Amino acid sequence: MKNLSALIAGLVFGLGLVISGMADPAKVQNFLDVFGTWDPSLAFVMGGAIAVTLPGFRLVAQRGRPLFDERFRLPSRSDLDAPLLGGAALFGIGWGLGGFCPGPALTALPLAAPGTLIFVPAMFIGMWLAKNVPMMTRPSPGV
Amino acid sequence: MATEFTPFASLIGGMLIGVSAVILMGLNGRIAGISGIASRLLDARLGGSEERPGLFFIGGLLLAAPVYAFVNGALPTQTVSNNLPLLAIAGLLVGFGSVFGNGCTSGHGVCGLARLSSRSLVATLTFMATAFVSVYLLRHVIGG
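A.B. asks: I'm lost on the nonpolar core in this one. Help?
C.D. replies: Nonpolar side chains tend toward joint burial in soluble globular proteins. Among the nonpolar cores identified, the biggest contains 65 residues, and Phe13, Leu32, Trp95, Leu106 and Phe119 of chain A together with Phe57 and Leu61 of chain B are the most heavily contacted of them. No other element matches the eight residues that helix H4 (residues 84-100) of chain B contributes to this core. Beyond its immediate stretch of four places on either side in the chain, Leu61 of chain B contacts Gly10, Leu11, Phe13, Gly14, Leu17, Gly103, Leu106 and Thr107 of chain A together with Ile34 of chain B.

In structure tokens, the structure reads:
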């Protein structure tokens, strides 16, 4: 059942990315280009998503546990550290340069644009480096 | 290149993303953080059952554009840069940064903000800021 719910959640997520325009790098970069061809649409994506998750998470938390698991797996840290800031800063630079973040890039993969076919493997290499190269891995394993 | 302002479609699409995150939390107890789900596939052992839902989630993501094209009768609009070295660098930065910073637009931006996480708020403000700066430099200083 967890596999089925994950498949449906992934499909709904991907459809949301496609319908919202978030899977189109040009639209993402135009959202970020306030001094150029600005397209504020993506503020509505974030707004629409949070308008659902804010009450939705509260609602499901009231049940005490998820339907198909014993407990919610939530990050518990609240401290701010250098890896969080550094990682987010690098992530933002890459997001701006390519117009892709992980979800939209994977969603756009079947459309097989040359840029996407380069971006996705590079993204997985970056993830692998952050997990496996000792000099590059986070000092503390946190969530 | 200019794109059309689509507040209604973007709002509906955003709400679907939110619905997906609530489904994953309510049923499986997991955060819909794409970088976390995707990167955990890298250390999943073949045949391990713990990360299998992650594989199915990514499978759902990959099905979305074909399903949309089938229902809509046309492929989704997208413009991806053909500057392949730039996209390789962008991919490396996005992959590395999202694992190092424990999240991306979905995990920190959509789920973390809704959980009122201070780490996610700071991460979201940070990547929004560097993304604005990198697009500004790319388009108005270097020239894209």
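So much for the structure itself; the text now carries on.
A.B. asks: Help me understand the packing of helix H5 (residues 105-114) of chain B against helix H6 (residues 118-142) of chain B in this model?
C.D. replies: A pair of packed helices is characterised by two quantities: the angle between their axes and the separation of those axes. Residue and element names in this part refer to chain B. The geometry of H5 relative to H6 is characterised by a closest axis approach of 9 Å and an angle of 130° between their N-to-C directions. As judged from the angle between their axes, H5 and H6 are oblique. In terms of crossing hand, the pair formed by H5 and H6 is left-handed. Contact residues: H5 offers Thr105, Gly107, His108, Gly109, Gly112 and Leu113, while H6 offers Ser120, Leu121, Ala123, Thr124 and Phe127. Of the residues assigned to the contact of H5 with H6, the class counts are four nonpolar, seven polar and no charged.

A.B. asks: Just checking my understanding: could you explain the interface of chain B and chain A for this structure?
C.D. replies: Interfaces are often sized by the accessible area lost when the parts come together. At the junction of the two partners, chain B supplies 106 residues and chain A supplies 108 residues. Regarding the contact of chain B and chain A, the summed buried area is about 9,600 Å², with carbon and sulfur atoms giving 76% of it. Our enumeration of links across chain B and chain A arrives at two salt bridges. Where Arg119 of chain B meets Asp81 of chain A, a salt bridge forms, and the shortest distance between an N and an O atom there is 3.4 Å. Of all the elements in the fold, those that place two or more residues in the side of chain B that touches chain A are helix H1 (7-28), helix H2 (34-43), helix H3 (52-72), H4, H5 and H6 of chain B. Considering each element in turn, the side of chain B that touches chain A owes the most residues, 20 residues, to H1 of chain B. Across the side of chain B that touches chain A, the residue classes tally to 62 nonpolar, 35 polar and nine charged.

A.B. asks: It is not clear to me how the packing of helix H6 (residues 114-132) of chain A against H2 of chain B should be interpreted in this structure. Could you clarify?
C.D. replies: The geometry of H6 of chain A relative to H2 of chain B is characterised by a closest axis approach of 10 Å and an angle of 70° between their N-to-C directions. With respect to H2 of chain B, the element H6 of chain A is oriented roughly perpendicular. On H2 of chain B, the residues touching Phe124, Met127, Trp128 and Lys131 of chain A of H6 of chain A are Ser35, Ala38, Ser39, Arg40, Leu42 and Asp43 of chain B. For the contact of H6 of chain A with H2 of chain B, the per-class residue count stands at five nonpolar, two polar and three charged.

A.B. asks: Help me understand helix H3 (residues 41-61) of chain A in this model?
C.D. replies: Side chains of residues three or four places apart in an α-helix project in the same direction, reflecting 3.6 residues per turn. Relative to the 30 Å expected for 21 residues at 1.5 Å per residue, H3 of chain A spans 30 Å between its end C-alpha atoms, a close match to the ideal helical length. Buried within H3 of chain A are the following residues: Ser41, Leu42, Val45, Gly48, Ala49, Ile50, Val52, Thr53, Gly56, Phe57 and Val60 of chain A. In the core, the buried residues of H3 of chain A are packed alongside helix H1 (2-20) and helix H2 (25-32) of chain A together with H1 and H5 of chain B.

Calculation rules
Residues numbered from 1 in each chain as written. Chains lettered and ligands numbered in written order. Predicted model: local features only at pLDDT ≥ 70, side-chain atom pairs only at ≥ 80, totals over all residues. Heavy atoms only, no water. Core = buried A, V, L, I, M, F, W, Y, C linked by side-chain atoms within 4.5 Å. Buried < 20%, exposed > 50% of the residue type's maximum accessible area, 1.4 Å probe, protein only. Helix = DSSP H or I, 4+ residues; strand = E, 2+ residues; numbered from the N terminus. Contact = heavy atoms within 4.5 Å. Axes fitted to C-alpha atoms, helices over the stretch in contact; angles between N-to-C directions. Parallel < 35°, antiparallel > 145°, perpendicular 65-115°, else oblique. Left-handed = near helix turned anticlockwise from the far one by under 90°. Nonpolar A, V, L, I, M, F, W, Y, C, P; charged D, E, K, R; others polar. Buried area = accessible area lost by both parts, 1.4 Å probe. Salt bridge = Lys/Arg side-chain N within 4 Å of Asp/Glu carboxyl O. Expected span 1.5 Å × (residues − 1).

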